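Letter by letter, the chains look like this.
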Amino acid sequence: MKRIVVTGGAGFIGSNFVKYILGLYPDYSVHVLDKLTYAGNMANLESCRGERNFSFQKGDICNKRDVDEACRNADWIVNFAAETHVDRSISSPQAFVETDVLGTYILLEAVKEFKIERYVQISTDEVYGSIDRGSFTEESPLNPSSPYAASKAGADLLALSSWTTYRLPVLITRSSNNYGPYQHPEKFIPLFITNALEDRQLPLYGDGLNVRDWLYVRDNCTAIDLILHKGKEGEIYNVGANEEKKNLDVVHLILAYLGKQESLIRHVTDRKGHDRRYSLNSSKLRKLGWKPEANFEKSLKQTVAWYTENVEWWKKIKGGEFQEYYRRHYDL
Ligand code: NAD
Ligand code: DAU
């Protein structure tokens, strides 16, 4: 029996993880602490409502009182809470520094104060920056390009230093790009699927030849689960599936699955500081026993089907604050 606090549990990966854990460990309890920013969505946790071992608290990881209330009786903490969209970090960086850096610091203070047994910091491959050839290992230097990536790198360093200085039981996961159900439609794959479903243009940055290493969200959940239970304190684990794809190739697949025309693709001004390629060496995690199950083409097809079947879920999001953001950002 473990009591796990999951911060950011109403977001994309967090909500997938909460459901995964509740399904696998009926004797564990999960307490979600989430600020419900524009990216947080209670609909993502609909199936957990009423479960005896699930609880939810609306709160901010930057607020010590909220964090103390959530963590006082916890055994483990998994921190997904973050501002996560690179484009928004370029136009409005402050929230990224606040939540991603200060919020992580407040959580680490709670780990110290309440003698938490294990703390997993959910980080990202973006802390390494871009790589033309080869793959990043956990020893690669940090070289973040965006305010988002820099804030996540700051959080990683705080977490690692709390292991060195106080021996706090922290572990770090650095995963590549996730895709799957419940991802906010501001992100590349769901944006392009839902725009295509609406016969709207697909705003592809630059030449569309940037490469991302795609990880199905369920495979990330199995990785985090393994690291939470079996990982070594003070260690970093890369999580990548070796499914590197050019953005343009992903778009072609999405259009083919939906039976839509390539004329929907619109090349738009490139993202500032756009990382060309991400690639992770995950052999350390594989040695611990992890293996991704998903095949990219098959899981992308399933993801396209999920968005096709869950129009109400994404229409609600695209109809709100998002419309204003979209107009401002894309000018389309
Ligand atoms: P998301 O944007 O879908 O969800 C983030 C969640 O955090 C939301 O529910 C939001 O309400 C909550 N949140 C934001 N600020 C908060 C605060 N101050 N206090 C409490 N809650 C707050 O994000 P995601 O894509 O699910 O990413 C989750 C984590 O995984 C992040 O830490 C991100 O950096 C990391 N990550 C994501 C990816 C990816 O491809 N999505 C890849 C690698 C790492
Ligand atoms: O690599 C892990 C990271 O993946 C996570 O840490 C971030 O939280 C997550 O948002 C994601 O960052 P990216 O910037 O790689 O993802 P995004 O979905 O924003 O973009 C993926 C690729 O698609 C990237 O090369 C930019 C491109 N793109 C994106 C958008 C939103 C477009 O061409 N057009 C778009 O409109």
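Placed above this text is the structure.
This one's a predicted model, so the numbers in the text were calculated from it and none came from an experiment.

Student: What is the right way to read helix H8 (residues 247-258) from this model?
Tutor: Along an α-helix, residues three or four positions apart point the same way, because every turn accommodates 3.6 residues. Taking 1.5 Å of rise per residue, the twelve residues of H8 would be expected to cover 16 Å, and the 17 Å separating its terminal C-alpha atoms lies within 8% of that figure. Along H8, the residues classified as buried are Asn 247, Leu 248, Val 250, Val 251, Ile 254, Leu 255 and Leu 258. End-on view of H8: buried residues confined to an arc of 155°, all on one side of the axis. Packing partners of the buried residues in H8 comprise helix H6 (188-197), strand E8 (202-205), strand E9 (211-213), strand E12 (244-246), strand E13 (265-268) and helix H10 (296-309).

Student: What exactly am I supposed to notice about the pattern of salt bridges here?
Tutor: Close approach of charged atoms allows side chains with opposite charge to pair. Scanning all chains against the criterion turns up 22 salt bridges. The closest approach of N and O atoms between Lys 245 and Glu 297, which form a salt bridge, is 3.8 Å. Here the residue Lys 245 occupies a position in strand E12, and Glu 297 occupies one in helix H10, the gap between them amounting to 52 residues. One connected set of salt bridges, linked through shared partners, spans Arg 88, Glu 186, Lys 187 and Glu 321.

Student: Explanation requested: the site of ligand 2 in the structure shown.
Tutor: Around ligand 2, the surrounding shell holds 25 residues, and the nearest of these are Thr 124, Asp 125, Tyr 148, Arg 271 and Tyr 330. At a separation of 2.8 Å, an oxygen atom of ligand 2 approaches a polar backbone atom of Tyr 205. Arg 271 is positioned with one of its side-chain polar atoms (N or O) 2.6 Å from an oxygen atom of ligand 2. Taken by itself ligand 2 offers 680 Å² of open surface, and the protein chains cover 95% of this. Of all the secondary-structure elements, those providing two or more residues to the shell around ligand 2 are helix H3 (86-91), H6 and E8. Class assignment for the residues of the shell around ligand 2 results in ten nonpolar, eight polar and seven charged.

Student: Mind showing me how you'd approach the nonpolar core here?
Tutor: Within the largest apolar cluster, 36 residues are counted, with the highest numbers of intra-cluster contacts made by Phe 17, Val 18 and Val 78. Elements with a minimum of two residues in this core: strand E1 (3-7), helix H1 (12-24), strand E2 (29-34), strand E4 (76-79), strand E5 (118-124), helix H7 (217-230) and strand E11 (236-239). Not counting residues within four places of it along the chain, the set of residues in contact with Val 78 comprises Ile 4, Val 5, Val 6, Thr 7, Phe 17, Val 120, Ile 122, Ile 224 and Leu 228. Counting residues in each nonpolar core, the second largest holds 33 residues, with Leu 300, Trp 306, Tyr 326 and Tyr 330 among its members.

Student: What's the story with the sheet that holds E2 in this structure? I'm lost.
Tutor: Within a sheet, neighbouring strands are paired by backbone hydrogen bonds and run either parallel or antiparallel to one another. Strand order in the open sheet made by the seven strands is E3-E2-E1-E4-E5-E6-E11, with parallel pairing throughout. This sheet does not close on itself; its edge strands, each paired only once, are strand E3 (54-58) and E11. Averaged over all pairs of adjacent strands, the angle between their axes in this sheet comes to 20°, without regard to strand direction. As defined by bridge partners, E4 adjoins E5 across four bridges and the pair is classed as parallel. Pairing of Trp 76 across the sheet is with Arg 118, part of E5. Taken strand by strand, H1 contacts E1, E2, E3 and E4, and its axis lies near 170° from that of E2. Along the sheet, helix H4 (residues 94-113) contacts E1, E4, E5 and strand E6 (170-175); its crossing angle with E5, the most-contacted strand, is approximately 165°.

Student: I'm lost on the site of ligand 1 in this one. Help?
Tutor: As a structural note, the neighbourhood of ligand 1 is formed by 28 residues, with Ile 13, Asp 34, Thr 84, Tyr 148 and Lys 152 the closest of them. Separating an oxygen atom of ligand 1 from a backbone N or O atom of Leu 36 is a distance of 3.4 Å. Contacts to ligand 1 include Lys 152, whose side-chain N or O atom sits 2.7 Å from an oxygen atom. Calculation on ligand 1 without its partners gives an accessible area of 830 Å², and the protein chains cover 97% of this total. Every element with two or more residues in the shell around ligand 1 is listed here: H1, E5 and helix H5 (147-166). At three residues, the largest contribution of residues to the shell around ligand 1 is made by E5. Grouping the constituent residues of the shell around ligand 1 by class yields eleven nonpolar, 13 polar and four charged.

Criteria and thresholds
- Residues numbered from 1 in each chain as written.
- Chains lettered and ligands numbered in written order.
- Predicted model: local features only at pLDDT ≥ 70, side-chain atom pairs only at ≥ 80, totals over all residues.
- Heavy atoms only, no water.
- Helix = DSSP H or I, 4+ residues; strand = E, 2+ residues; numbered from the N terminus.
- Expected span 1.5 Å × (residues − 1).
- Buried < 20%, exposed > 50% of the residue type's maximum accessible area, 1.4 Å probe, protein only.
- Arc of directions from axis to C-beta.
- Contact = heavy atoms within 4.5 Å.
- Salt bridge = Lys/Arg side-chain N within 4 Å of Asp/Glu carboxyl O.
- Near = heavy atom within 4 Å.
- Polar contact = N/O pair within 3.5 Å; in protein donor to acceptor, adjacent residues only side chain to side chain.
- Areas by Shrake-Rupley, 256 points an atom, 1.4 Å probe, with all protein chains shown as cover.
- Nonpolar A, V, L, I, M, F, W, Y, C, P; charged D, E, K, R; others polar.
- Core = buried A, V, L, I, M, F, W, Y, C linked by side-chain atoms within 4.5 Å.
- Pairing = 2+ DSSP bridges.
- Axes fitted to C-alpha atoms, helices over the stretch in contact; angles between N-to-C directions.

These figures come from the coordinates and say nothing about function on their own.
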